[in-house]
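Architecture at a glance
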Amino acid sequence: MSKDLTVGPSRDLPDDMGGGRALAEPAAQALGLGAPGAGDGEEGMDWRRYWSALRRYKWWVMLAAIVGTGLGFVASRFSKAIYSAQATVWIEARDEKGNAERGPIRQGQLLDSYGWVELLNSFVVLDHAVERVKLYLQFESAGDSTLFKEFALAKSFAPGSYRLAVDDAGSSVTLSTAVGTLIERASPGDSLGRKIGFHWAPSPTDLAPGQVVDFTVVTPRDAARGLAEQLLITPAVDGNFVRVELEGPNPVLIAATVNALVERYEDVAAELKREKLTELANILNEQLQQSEENLRRAELALESFRVQTITLPTERATPMAPGVVYTTDPVMDNFFQMKVAREQLVRDRDAIVRALESGLGGRLSTDALEVIGEIQRSSVISEALGELMERQAELRALRYRYTDEHPTVSRLANEVIDLESVVIPGLLRALVNDLDGRRNELDSMIESAGRELQQIPPRAIREARLTRDKIVAEDLHTQLKQRYESARLAEASSIPDLRILDPAVVPQRPVRYRGQTYILIGLLGGFAMGIIGVIVADKVDGRVRYPAQITSDLGLSLLGVVPRLRGAGNGADSDDAVAVIEALRGVRLNLIHARGAGGPFAVTVSSPAAGDGKTFVSSNLALAFAEAGHRTLLIDGDSRRGTLHRAVNGKRKPGLTDFLGGEATVEEIVQKTEYSALHFVGCGTRTSEAPELLSSAAMARFMASMRNSYGVIIVDSPPLSAGIDAYALSTLTGNLAVVLRLGATNRELAEAKLEAVDRLPIRVLGAILNDVRESTAYSYYRYYSNYLPGYEHEDEEDEDSEDRHLLGRAG
């Protein structure tokens, strides 16, 4: 026990003899002396144990937290602030039909929402931005950027890591690789790197003597890929805005990069739009020229017919003036109209059928279809042909920029194929069926009226047909000309589908700075490492720390817990002394119940090593029995270093060794103490023959005679590791109580010594845990203490009190 502990009264003792470590379990269970959570301390996580370890090693945890915080602070010095620059692009919305809302003559939107994002991520945009802000250059210090203001790359160059070095005199500049291979040496202001594809002439004003600049050149395409990975593009789901955001440590560079991106984005979108409109105008121009040729042929055919028939007589025997159509009655006029309509219908039908047959397995000829009158009169087919023409124009424009594998090109190609092979042929077949029905109706009508009009000259029918051809050609030419003029006007006043709404500005505040995070991580990491270290230290700690170690590891029952005393002797704290007294009374009660039947009871009190407090426990335990009315004999069996006589104010010799050596009688060695029921036998004269004396027959006879005179015999023996003395005394008493000191007793040593006890006819009654702090985090005292402040037992008249305290010092 610690030297600052005083001797307090009362503790329990077990009784009965028997081999092994089988303690008085009924008594322990009756008093609830099993370790709190003893059964679950090893099965589950004992948080009280870990909390106790944290309290015990709290300075370690604090030191680890301080070290971790320091490391985090050091790491924060190398952390860079991250800035964010963003720009907003406005994209023209579509109406419900998929076209941009129109005021003046304009064309539909170039791409859908997915296509706009793909366009922004395309290399035609990224490469230009990379080259504009020189993202293919990488150097450590932002101040070195002035050296590279005029830096440019040739079409063929050598990427890699390089070093620019100025000599100490400032008269020579060298360019070398990162490994030191010299590439070129020049004077300040001269060009550098022509051999490896650099167009670069650093200004002499930007070069300082002894300056060294390390930089890396990568390919613009690799830099563009890296930029694409860093870009954050947020398109609006149903809106008109796209946000382009870029983060980085250089606020000026990221703002310039974002602006270069969106400006190039706008230029490319405008260029694609113009190319689309130009291609559409070219297609319409080709169709317009073909329609002009068709109109000219129709006019020439009609003019030629009239010239040829001008001299022919009419039915009225009068010649017709050129360009004049003679008049007939309504019946004849109606017959001619039906005849002409039928012939025109049959020609249109045959033309449609030929177009369908020529389109099988190939492309449908839209030019041949547009000159057919029935096609022109069908609004559905005309709209489908117009949509096909627009899709073809868009596809041609996009193929100038993208490959056929691009999602937008692939989508438009599929739409053109669908229109050419499915939609329009289906509409044409439906129209052919309709024309067949109309032809049958006209045939019946013409047949009924033909008999009356068989004499009408065929030239009248032909003239009507040629006139109709001319009218149809004129209408088609007029429509195509209007559309061509609209396309030219839209091309001339082309407005891009997107515009920059908010350009990026240089950010002034960082959006993220990891310095504080590193400090916090260091603090938490240090704290966590401290906790882990505490847990590991607690696991490898070989000393007795917890009740579960006594019950589980050593296999001992816990007889009681003796709290720590502040101060020593008469100067001990009164509250602590009362707590010790109550603890010893609890030990005494356990021992009384442990011995079972009545009769003399003897026990040896020992400990695995010196300093565990066995002498303190023995003396105060003896006093506890004496105060309970038991005639008690306290024997100091530690013939090597026994100091028990000091605790009882007795004499060391003559004592036990003197009696066993035949130099003193029983009456001479048994001493009275100030307590009437307590007698004491000192250890006697120190001698090297003491171990043999303690194992002699004289010692056995002495113990037998003392059992007849005393109800309780307590023997304070040397530590178990000090020799055979403790084992010899324990075999004579038959019982052994082991004193373990919290935080001091070595568990492995205790286990080894108790294994030796198991081989002897000794009953190990249990363990007494000594020197337990009442404030321990594990709350041993709360579970095992028999003392509650405020409930002390006191005599009303102190002068009549017979309960006095034996003072002692731990040892």
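Structure: above.
Here, residues in each chain are numbered from 1, in the same order as that chain's written sequence. Totals for whole chains, interfaces and linings use all residues, but because this is a predicted model, local features are given only for residues with pLDDT of at least 70 and pairs of side-chain atoms are given and counted only at 80 or more. Computation of side-chain values covers all heavy atoms of the structure but excludes hydrogens and water.

1. Describing the sheet that holds strand β15 (residues 632-636)
- Within the open sheet, the eight strands sit side by side as β13-β20-β19-β14-β18-β15-β17-β16. Their pairing is mixed. Of all the strands in the sheet, just β13 (558-563) and β16 (670-672) have a single pairing partner and so form its edges. Across the sheet, the mean angle from the axis of one strand to that of its neighbour is 25°, orientation sign disregarded.
- Between any two strands, pairing holds if DSSP finds at least two bridges. Secondary structure elements are taken from DSSP: a helix is a run of H or I of four residues or more, a strand is a run of E of two residues or more, and numbering for both begins at the N terminus. Across four bridges, β15 lies against strand β17 (residues 678-681) in parallel orientation. Paired with I635 across the bridge in β17 is V681. Fitted lines through C-alpha atoms give the axes, limited to the stretch in contact for helices. The angle between two N-to-C directions lies from 0 to 180 degrees.

2. Overview of the packing of aromatic side chains
- Two rings from Phe, Tyr or Trp (for Trp, the six-membered ring) form a pair when their centres sit within 6.5 Å of each other. Planes less than 30 degrees apart are called stacked, planes more than 60 degrees apart edge-to-face, and all others tilted. Tallied over the entire structure, the rule returns 11 aromatic pairs.
- Among the aromatic residues, those joined into a cluster by ring pairs are Y136, F139, F148, F151, Y162, F198, W200 and F215.

3. Here's the deal with the packing of helix α2 (residues 47-56) against helix α14 (residues 515-540)
- For the pair α2 and α14, the least separation of the axes is 9 Å and the interaxial angle reads 105°. Judged on the interaxial angle alone, α14 and α2 are roughly perpendicular. Across the interface between the two elements, R49, Y50, A53, L54 and R56 of α2 pack against I531, V534, I535, D538 and K539 of α14.
- Residues are grouped as follows: Ala, Val, Leu, Ile, Met, Phe, Trp, Tyr, Cys and Pro are nonpolar; Asp, Glu, Lys and Arg are charged; every other residue, Gly included, is polar. Classifying every residue of the contact of α2 with α14 gives six nonpolar, no polar and four charged. Each angle gets one of four labels, with under 35 degrees taken as roughly parallel, over 145 as roughly antiparallel, 65 to 115 as roughly perpendicular, and the rest as oblique. By definition in these notes, contact holds between two residues if any of their heavy atoms fall within 4.5 Å.

4. Side note on the nonpolar core
- Joining through side-chain atoms within 4.5 Å is the link that ties buried Ala, Val, Leu, Ile, Met, Phe, Trp, Tyr and Cys residues into a set, and such a set is a nonpolar core. When a residue's accessible area, from a 1.4 Å probe over protein chains only, is under 20% of the maximum for its type it is buried; when over 50% it is exposed; and in between it is partly exposed. Within the largest apolar cluster, 92 residues are counted, with the highest numbers of intra-cluster contacts made by F198 and F215.
- Looking at this core element by element, the count peaks at 12 residues for helix α12 (residues 407-450).
- Aside from chain neighbours lying at most four places away, what touches F198 is F151, A152, L153, A158, Y162, L175, L192, G193, F215 and V217.

5. Notes on a positive patch on the surface
- For patches, a residue must show more than 30% relative accessible area and have no salt bridge; joins then use 9 Å for like charges and 5 Å for nonpolar side chains, namely Val, Leu, Ile, Met, Phe, Trp and Tyr. Throughout, the Shrake-Rupley method with a 1.4 Å probe supplies accessible areas, and for residues the shown protein chains are the sole cover considered. Within this document, salt bridges are pairs made up of a side-chain nitrogen of Lys or Arg and a carboxyl oxygen of Asp or Glu, the two lying within 4 Å of each other. Within this scheme the basic residues Lys and Arg register as positive and the acidic residues Asp and Glu register as negative, but His and the chain ends are omitted. Every charge is mapped to an atom, namely NZ of Lys, CZ of Arg, CG of Asp or CD of Glu. The grouping of R641, R646, K653 and R686 at the surface amounts to a positive patch.
- Within the fold, K653 resides in the loop between α18 (644-647) and α19 (656-660).

6. Quick look at the side chain of Q671
- Topologically, Q671 is positioned in strand β16.
- We classify Q671 as buried; its relative accessible area is 14%.
- Discounting chain neighbours no more than four positions away, the residues touching Q671 are G650, K651, P654, H679, F680 and G682.

7. Notes on the layout of surface pockets
- In this model, the largest pocket occupies a volume close to 920 Å³.
- Cavity: a set of points on a 1 Å grid over the protein atoms alone where a 1.4 Å probe fits but cannot get out. Pocket: an open set with protein on both sides within 12 Å along at least five of seven lines, its lining residues, like those of a cavity, having an atom within 4 Å of a point. What lines the largest pocket is a set of 28 residues, and nearest its centre among them are L135, L137, F139, N250 and L253.
- Elements that contribute at least two residues to the lining of the largest pocket include exactly α5 (123-133), β2 (137-139), α6 (220-230), β10 (241-248) and α7 (251-309).
- If one sorts the elements of the lining of the largest pocket by residue count, α7 sits on top with five residues.
- Its residues assigned to classes, the lining of the largest pocket shows 14 nonpolar, eight polar and six charged. Grid points are joined across faces, edges and corners, and a volume is the space filled by probe spheres set on the points.

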